[in-house]
Amino acid sequence: MQEEIQSILENTEYTREQISEFHQNFTKVYPSGILQKDEFCKLYNQLHPTKKSDKYLKQIFQMFDADKDGVVTFGEFMITVFLQGRKQPEEKLRLVFRMYDHNCNGFIEKTEIEAILHSIADNCNQIEYDELVDWDENHSGHLNEQEFVNFIMNNPKLKSFFLDLIKLYE
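Residue positions within a chain follow its written sequence, with the count starting from 1. Only residues with pLDDT of at least 70 get local features here, since the model is predicted, and only at 80 or more are side-chain atom pairs given and counted; chain-wide, interface and lining totals rely on the full set of residues. Hydrogens and water molecules were not included; the side-chain quantities draw on all heavy atoms of the structure.

Chemist: I would appreciate a short explanation of the layout of surface pockets in the present structure.
Modeler: By rolling a water-sized probe across the atoms, one finds the places where empty space is left. A cavity here means a set of 1 Å grid points, computed over protein atoms only, where a 1.4 Å probe fits but cannot escape. A pocket is an open set with protein on both sides within 12 Å along at least 5 of 7 lines, and lining residues have an atom within 4 Å of a point. Grid points are joined across faces, edges and corners, and a volume is the space filled by probe spheres set on the points. In this structure, the second largest pocket occupies an estimated 190 Å³ of space. The wall of the second largest pocket is formed by Asp134, Trp135, Asp136, Glu137, Asn138, Leu143, Glu147, Asn150, Phe151, Asn154 and Asn155. Numbering goes from the N terminus for both helices and strands, where a helix is a DSSP run of H or I of at least four residues and a strand is a run of E of at least two. Among the elements that take part in the lining of the second largest pocket, helix α8 (residues 145–153) stands out by supplying 3 residues, more than any other.

Encoded structure:
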């Protein structure tokens, strides 16, 4: 637990006292100190009952599960909530990149990007797939984190979609 507290202290602006209080509340609801995927999805849906996010919950869960071990620890939860709530849009989009970088290699491959963009276009009536086809400016077949952030930041509809998707609280 001390390592987790130290990590939260190093990656957020929370004090040790705030972390202790958050941990007490977290373990009241999740006595094991971790969120399983189904618990996380239930929490997200309770916080966002009007969002149609079922298709994206797996990716949102992966964004919180920083070490990709299949659970969200208290530390992962606190750091991600802090980053999601306090940082500039570019930093939030870095969380989105992490959500889609399934193999943690620092890239999102062409097939993954196209599937993501088709899914967004199919589920968001404000975005057409044809608006999104210019994602690969250097024709590399993948996007690194900075290219991903730049692409999203340069598309206002996509930017709005992703920033809304990752909101944990209003």
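Chemist: Explanation requested: the side chain of Thr12 in the structure shown.
Modeler: Position of Thr12 relative to the elements: it lies in the loop between α1 (2–11) and α2 (16–29). Using a relative accessible area of 9% as the deciding quantity, one classes Thr12 as buried. Two N or O atoms count as a polar contact when they lie within 3.5 Å, although within protein this holds only if one can serve as hydrogen donor and the other as acceptor, and sequence-adjacent residues are included solely when both atoms are side-chain atoms. Within polar-contact distance, the side chain of Thr12 engages the backbone oxygen of Ile8 at 2.7 Å. A distance of 3.1 Å separates a polar atom in the side chain of Thr12 from the backbone nitrogen of Tyr14. Accessible area is worked out with a 1.4 Å probe on protein chains only. A residue is then buried under 20% of its type maximum, exposed over 50%, and partly exposed in between.

Chemist: Got a minute to help me understand the packing of aromatic side chains in this structure?
Modeler: For any pair of aromatic rings, the description rests on two quantities: the centre-to-centre distance and the angle between the ring planes. Here a pair means two rings of Phe, Tyr or Trp (six-membered ring of Trp) with centres within 6.5 Å. Their orientation is stacked below 30 degrees between planes, edge-to-face above 60, and tilted elsewhere. Under the defined criterion, the tally for this structure stands at 11 aromatic pairs. Among the aromatic residues, those joined into a cluster by ring pairs are Phe26, Tyr30, Phe40, Phe61, Phe64, Phe74 and Phe77.

Chemist: Quick question: what am I supposed to make of the nonpolar core here?
Modeler: As a rule of thumb, soluble globular proteins bury nonpolar side chains together. What makes a nonpolar core is a set of buried Ala, Val, Leu, Ile, Met, Phe, Trp, Tyr and Cys residues whose side-chain atoms join them at distances within 4.5 Å. Within the largest apolar cluster, 47 residues are counted, with the highest numbers of intra-cluster contacts made by Leu35, Ile60, Phe64, Phe77, Tyr100 and Phe162. Per-element tally for this core: the top contributor is helix α5 (residues 74–86), with 7 residues.

Chemist: What am I meant to see in empty space enclosed by the protein here?
Modeler: Taken as a whole and assessed by the stated rule, the structure comprises 1 cavity of 30 Å³ or more. Size it by volume and the largest cavity reaches roughly 50 Å³. Lining the largest cavity, in full, are Ile113, Ile116, Leu117, Leu143, Phe148, Phe151, Ile152 and Phe162. Listing elements by their share of the lining of the largest cavity, those giving two or more residues are α7 (110–123) and α8.

Chemist: Would you take a moment to explain the packing of α8 against helix α9 (residues 156–165) for this structure?
Modeler: Running from N to C, α8 and α9 cross one another at 110 degrees; their axes reach a closest spacing of 6 Å. Our classification of the angle between α8 and α9 gives roughly perpendicular. Touching Phe151, Ile152 and Met153 of α8 are Leu158, Lys159 and Phe162, all from α9. Here an axis means a line fitted to C-alpha atoms, over the contact stretch when the element is a helix, while the angle between two N-to-C directions is reported on a 0 to 180 degree scale. The scheme is simple: roughly parallel for angles under 35 degrees, roughly antiparallel for over 145, roughly perpendicular for 65 to 115, oblique for anything else. We call two residues contacting when some pair of their heavy atoms lies within 4.5 Å.

Chemist: What exactly am I supposed to notice about α8 here?
Modeler: Since the α-helix advances by 3.6 residues per turn, residues separated by three or four positions end up pointing in the same direction. Those residues of α8 that fall on the buried side of the exposure criterion are Phe148, Val149, Phe151 and Ile152. For α8, the angular spread of the buried residues around the axis is 165 degrees, confining them to a single face. Two or three places before Gln146, at the start of α8, stands the capping residue Asn144, its side-chain oxygen 3.0 Å from that residue's backbone nitrogen. In this description, the arc belongs to the directions extending from the helix axis to the C-beta atoms.

Chemist: It is not clear to me how the environment of Asn11 should be interpreted in this structure. Could you clarify?
Modeler: Tracing the backbone through its elements, the reader meets Asn11 in helix α1. Taking the relative accessible area as the measure of exposure, Asn11 reaches 40% and is therefore partly exposed. Along the backbone, Asn11 and Met78 are 67 residues apart, and their C-alpha atoms lie at a distance of 9.4 Å. What Asn11 contacts, discounting residues up to four positions off in sequence, is Ile79 and Phe82. Within the local environment of Asn11, its side chain forms a polar contact with the backbone oxygen of Ser7, the two atoms lying 2.8 Å apart.

Chemist: Would you mind showing me how to read the pattern of salt bridges here?
Modeler: Oppositely charged side chains may form a pair once their charged atoms are brought near each other. One side-chain nitrogen of Lys or Arg within 4 Å of one carboxyl oxygen of Asp or Glu is enough to make a salt bridge. Considering all chains together, one arrives at 2 salt bridges under this definition. The partner of Glu91 in a salt bridge is Arg94, with the nearest N and O atoms 3.4 Å apart. Here Glu91 and its partner Arg94 are both found in helix α6 (residues 89–100), 3 residues apart, which amounts to about one turn of the helix. Ionic pairing is found between Glu145 and Arg94, a salt bridge with its closest N-O pair at 2.9 Å. Here the residue Glu145 occupies a position in helix α8, and Arg94 occupies one in helix α6, the gap between them amounting to 51 residues.

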